[in-house]
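Structural overview for review
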Amino acid sequence: MPHLSDAQLSTFRDQGYVVVPGVLTDQQIATGRELVAAALEQEPPADGHVGHHFAWPRFEDGAHPLLDFYRDTVAGLAAELIRPELGVDEPGSAQIATTIPPWSHRPGSPHVDGVSPPLPDGTPGTFSMLAGVWLTDQQDLYHGNLHVWPGTHLRFGEYLAERGADALVALSEDTSGAPYPKIELGEQVQATGPAGSVLFAHYLLGHNIGGNTGPERRETIYYRLDAQGHRDRWRDVVRDPLVEFRR
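Residues numbered from 1 in each chain as written. Predicted model: local features only at pLDDT ≥ 70, side-chain atom pairs only at ≥ 80, totals over all residues. Heavy atoms only, no water.

When you go through the chain residue by residue, the secondary structure sums to 7 helices and 9 strands. For a compact globule of 247 residues, the expected C-alpha radius of gyration is about 18 Å, and the chain comes in at 17 Å, within 12% of that figure. Taken over the C-alpha atoms alone, the chain extends approximately 45 × 40 × 35 Å along its principal axes. Considering the chain as a whole, with its 247 residues, one finds that 53% of them fall into the buried category. Contacts in the chain between residues far apart in sequence, at least 24 positions, make up 88% of those at least 6 positions apart. In the form shown here, the chain has an accessible surface area of approximately 11000 Å², with 48% of it arising from carbon and sulfur atoms. (Helix = DSSP H or I, 4+ residues; strand = E, 2+ residues; numbered from the N terminus. Rg over C-alpha atoms; globule rule 2.2 N^0.38 Å. Buried < 20%, exposed > 50% of the residue type's maximum accessible area, 1.4 Å probe, protein only. Contact = heavy atoms within 4.5 Å. Areas by Shrake-Rupley, 256 points an atom, 1.4 Å probe, with all protein chains shown as cover.)

Geometrically, a pair of aromatic rings is defined through the distance of the ring centres and the angle of the planes. Inspection of every chain in the model, using the stated rule, returns 6 aromatic pairs. Considering the side-chain rings of Phe 12 and Phe 245, the 5.0 Å spacing of their centres and the 50° angle between planes classify their relative orientation as tilted. Remark: Phe 245 occurs in the segment after helix 7 (234-239) and Phe 12 occurs in helix 1 (residues 6-15); sequence separation between them is 233 residues. In this structure Phe 245 comes out as buried when scored by relative accessible area, which is 2%. Ring geometry for Phe 54 versus Trp 56: centroids 6.1 Å apart, planes at 75°, classification edge-to-face. The class for Phe 54 is partly exposed, based on a relative accessible area of 27%. Residue classification places Trp 56 among the partly exposed positions, given a relative accessible area of 45%. In this structure, Arg 106 packs its charged tip against the face of Tyr 142, placed 3.6 Å from the ring centre. (Phe/Tyr/Trp six-rings, centres within 6.5 Å; stacked < 30°, edge-to-face > 60°. Lys NZ or Arg CZ within 6 Å of the ring centre and 35° of its normal.)

The next point concerns the environment of Ala 165. If you trace the backbone, Ala 165 turns up in the loop between helix 5 (152-163) and helix 6 (166-170). According to the relative accessible area criterion, Ala 165 is buried, its value standing at 5%. C-alpha separation for the pair Ala 165 and Ala 7, spaced 158 residues apart in sequence, amounts to 30 Å. Sequence-distant contacts of Ala 165, defined by excluding residues within four places in its chain, comprise Leu 160, Trp 234, Arg 235, Val 238 and Arg 239.

Residue position: Arg 218 is located in strand 9 (residues 218-225). No salt bridge is formed by the buried Arg 218. Its closest oppositely charged neighbour is Glu 219, at 9.4 Å. Once residues lying within four places of it in the same chain are set aside, the contact partners of Arg 218 are Ala 97, Thr 98, Thr 99, Thr 136, Gln 138, His 143, Gly 144, Ile 209 and Asn 212. (Lys, Arg positive; Asp, Glu negative; His and termini not counted. Salt bridge = Lys/Arg side-chain N within 4 Å of Asp/Glu carboxyl O.)

What follows covers helix 3 (residues 65-73). Structurally, the α-helix is built with 3.6 residues per turn, so residues lying three or four positions apart point the same way. Among all positions of helix 3, only Leu 66, Leu 67, Phe 69, Tyr 70 and Thr 73 are buried. When helix 3 is viewed along its axis, its buried side chains cluster within an angular range of 155° and face the same direction. Lining the buried residues of helix 3 we find helix 2 (26-42), helix 4 (75-81), strand 3 (95-100), strand 4 (129-134) and strand 9. (Arc of directions from axis to C-beta.)

On to the environment of Gly 76. Assignment of secondary structure puts Gly 76 in helix 4. In this structure the C-alpha to C-alpha distance between Gly 76 and Asp 47, which are 29 residues apart in sequence, comes to 38 Å.

All right, on to the nonpolar core then. Counting 38 residues, the largest nonpolar core has Met 129, Val 133, Phe 200, Ile 221, Tyr 223 and Leu 225 as its most contacted members. At the level of secondary structure, the elements contributing two or more residues to this core comprise helix 1, strand 1 (17-20), helix 2, helix 3, helix 4, strand 4, strand 7 (198-202) and strand 9. At 5 residues, the largest contribution of residues to this core is made by helix 2. Every residue in contact with Leu 225, bar those within four places of it in the chain, is listed here: Tyr 70, Val 74, Ala 78, Val 88, Asp 89, Pro 91, Phe 127, Ser 128, Met 129 and Ala 131. (Core = buried A, V, L, I, M, F, W, Y, C linked by side-chain atoms within 4.5 Å.)

Below, the structure written as structure tokens:
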């Protein structure tokens, strides 16, 4: 299992995301693709469908092959990003994210997860960071790459520090399908790397799904991760985006 370098930790803090190559072995990639295939047997795309297709397996009883896969591939690296005195809770679900070509979609704006619909208590479904396990190659552009807006996690945090955490709740009224505040977005880039990489992205980072004009279906397993105690302090976290993360 690789470890995060100081440069990678700094990249995450400054840019809001980092791609760590070479995390998975060839056997782990093959295992991950088998898990994706099994999930899609339960929730298949429609015949002839192109574009994104998701499945959302839940770990209802605390035991699931996708939870074992997380422990084998992601858990150690995730812990290196979070302050050691906090630790990381195990996820309760996964997202199987596929993009079926040919799909020439180009996202024009970012979004933030968990805002619409809110949780049953009316608060947004915040989390600490997103971990994406890449099972297919994304070294070239428009192969289902995630589009990100580097640094927006910090600018979004400033926005919420000025207006209060409830300004995040107010984004649920955005009916565009891509809720995000009107802040300076900066450059839009595509995250790239080989199969077997893991992407970590801050919760507040502006991001969106991209098209796939490559030769094969893009396959990613996402886990939404909480630092321990995150739900008790989510209001503080969104106003101080780096408070949960290792310096």
